[in-house]
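# Examination of the molecular architecture
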Amino acid sequence: MELEVTGNRIRDLRTAQGLSQAQLAAAMDVSRQTINSIEVGRYTPSLALAVALARYFGSTVEEVFHVEER
Amino acid sequence: MSKSVKRKLFFWAGPAFCLLMGVVYLVAARASGQPALGLMLLIFMVVFTVVLVIVSRYSETVRGLLDRGDERINQIDLRATAAAASALIVAIIGGAVYELARGHSGAPYTWLAVVGGVVYIGAVVVLRSKR
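Residues numbered from 1 in each chain as written. Chains lettered and ligands numbered in written order. Predicted model: local features only at pLDDT ≥ 70, side-chain atom pairs only at ≥ 80, totals over all residues. Heavy atoms only, no water.

## Some points on the overall build of chain B
For chain B, the count of helices and strands is 5 helices and 0 strands. Shown N-terminal to C-terminal, the secondary structure of chain B runs as helices and strands in the order α-α-α-α-α. In summary, chain B has a C-alpha radius of gyration of 19 Å against a globular reference of 14 Å for 131 residues, an excess of more than 25%. Based on the C-alpha atoms only, the size of chain B along its principal axes is roughly 55 × 50 × 25 Å. For chain B, with 131 residues in total, the buried portion stands at 21%. Nonlocal contacts in chain B, meaning residues at least 24 apart in sequence, comprise 33% of its contacts between residues at least 6 apart. (Helix = DSSP H or I, 4+ residues; strand = E, 2+ residues; numbered from the N terminus. Rg over C-alpha atoms; globule rule 2.2 N^0.38 Å. Buried < 20%, exposed > 50% of the residue type's maximum accessible area, 1.4 Å probe, protein only. Contact = heavy atoms within 4.5 Å.)

Given below as structure tokens:
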């Protein structure tokens, strides 16, 4: 089974909490550019960062990242 | 060692290496009787190091390349290094073929190819056992 990350809800979850990309980046200990790249779907984060992002928003990885079977 | 201490050490390792290379260039040039060239190279490396540190305050990418703290920039660095290595491989093979065609032994390109090949195989063996 081959899975593909087709999108995510990071931007929605971040803006709902009134956070800037820089604030979320600081919380995740990554650069602001990395948060932006994840939000626009240019970069798929590592499992560790995906879990950290999901936990930060009190959610699960599958609720935050949209995954489809190829 | 905490993550922030590790990042600070990584951050300063790059500039420290650049300064060290400046001193090495100076010593090597002085040993060959070219102190002015050595001094020029040292000054170049000092200026490069200062510029690198200043730019890192404004650029997340440069800061990430130095402190190794961002997984995306680490991945970019890895791919950029692979691209640079690919260019070097082409240049080394091209140089070796050119030297062989001229009736020479192919050195030093053949030796560079041997070093690259041995390091690559060694790295694959070590990394395979770890992953």
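Still more ground to cover, so stick around.
## Focus on the environment of Lys8 of chain B
Residues and elements named next belong to chain B. In this structure, Lys8 sits in helix 1 (residues 3-31). Since its relative accessible area comes to 59%, Lys8 is described here as exposed. Spatially, the C-alpha atom of Lys8 lies 31 Å from that of Val125, the residues being 117 residues apart in sequence.

## Overview of the nonpolar core
Residue and element names in this part refer to chain A. Formed by 16 residues in total, the largest nonpolar core has its most connected members in Ile10, Leu24, Met28, Ile35, Ile38, Leu53 and Phe65. Among the elements of the structure, helix 1 (10-16), helix 2 (21-28), helix 3 (32-39) and helix 4 (47-56) are those that each provide at least two residues to this core. Not counting chain neighbours up to four residues away, the residues in contact with Ile35 comprise Gln21, Leu24, Ala25, Met28, Val30 and Leu53. (Core = buried A, V, L, I, M, F, W, Y, C linked by side-chain atoms within 4.5 Å.)

## Describing unusual backbone geometry
Cis geometry marks the peptide bond from Ala107 of chain B to Pro108 of chain B, where omega comes out at 0°. Note on placement: Pro108 of chain B falls in the loop between helix 4 (71-101) and helix 5 (109-130). The backbone of Asp29 of chain A shows a phi angle near 60°, a positive value even though the residue is not glycine. With respect to the secondary-structure elements, Asp29 of chain A resides in the loop between helix 2 and helix 3. Judged by relative accessible area, Asp29 of chain A falls into the partly exposed class, the value being 28%. Phi is positive for Arg68 of chain B, close to 60°, though the residue is something other than glycine. With relative accessibility at 30%, the residue Arg68 of chain B sits in the partly exposed group.

## Digging into helix 3 (residues 60-67) of chain B
Side chains of residues three or four places apart in an α-helix project in the same direction, reflecting 3.6 residues per turn. Residues and elements named next belong to chain B. All of the buried residues in helix 3 are Val62, Gly64, Leu66 and Asp67. Here the buried face of helix 3 lies against helix 1, helix 2 (35-58) and helix 4. Between a side-chain oxygen at the N-terminus of helix 3 and the backbone nitrogen of Thr61 the separation is 3.3 Å; the capping residue is Ser59. Arg68 lies just past helix 3 and shows a positive phi near 60°. (Polar contact = N/O pair within 3.5 Å; in protein donor to acceptor, adjacent residues only side chain to side chain.)

## Some thoughts on the interface of chain A and chain B
Contact residues are listed per partner, giving 11 residues for chain A and 10 residues for chain B. Both faces combined, the contact of chain A with chain B buries some 910 Å², and carbon together with sulfur accounts for 32% of it. Sorting the residues of chain A by area buried against chain B places Asp29, Gln33 and Tyr43 of chain A first, and these three jointly supply 58% of that buried surface. On inspection of chain A and its partner chain B, the count reaches 1 salt bridge. Counting across the chain A and chain B interface gives 10 residue pairs in polar contact (both at pLDDT 80 or more). No other element matches the 4 residues that helix 3 of chain A contributes to the side of chain A that touches chain B. (Buried area = accessible area lost by both parts, 1.4 Å probe. Salt bridge = Lys/Arg side-chain N within 4 Å of Asp/Glu carboxyl O.)

## Points about the packing of aromatic side chains
Applying the stated criterion to the full structure yields 2 aromatic pairs over all chains. Both rings, one in Tyr56 of chain A and one in Phe57 of chain A, keep their centres 5.3 Å apart while their planes meet at 85°; by these two values the pair is edge-to-face. Under the relative-accessibility criterion, Tyr56 of chain A is labelled partly exposed at 34%. A relative accessible area of 11% means that Phe57 of chain A is categorised as buried. Seen in terms of ring centroids, Phe11 of chain B and Trp12 of chain B are 5.0 Å apart; in terms of plane orientation they differ by 80°. Their pairing is edge-to-face. The exposure class assigned to Trp12 of chain B is partly exposed, which follows from its relative accessible area of 48%. (Phe/Tyr/Trp six-rings, centres within 6.5 Å; stacked < 30°, edge-to-face > 60°.)

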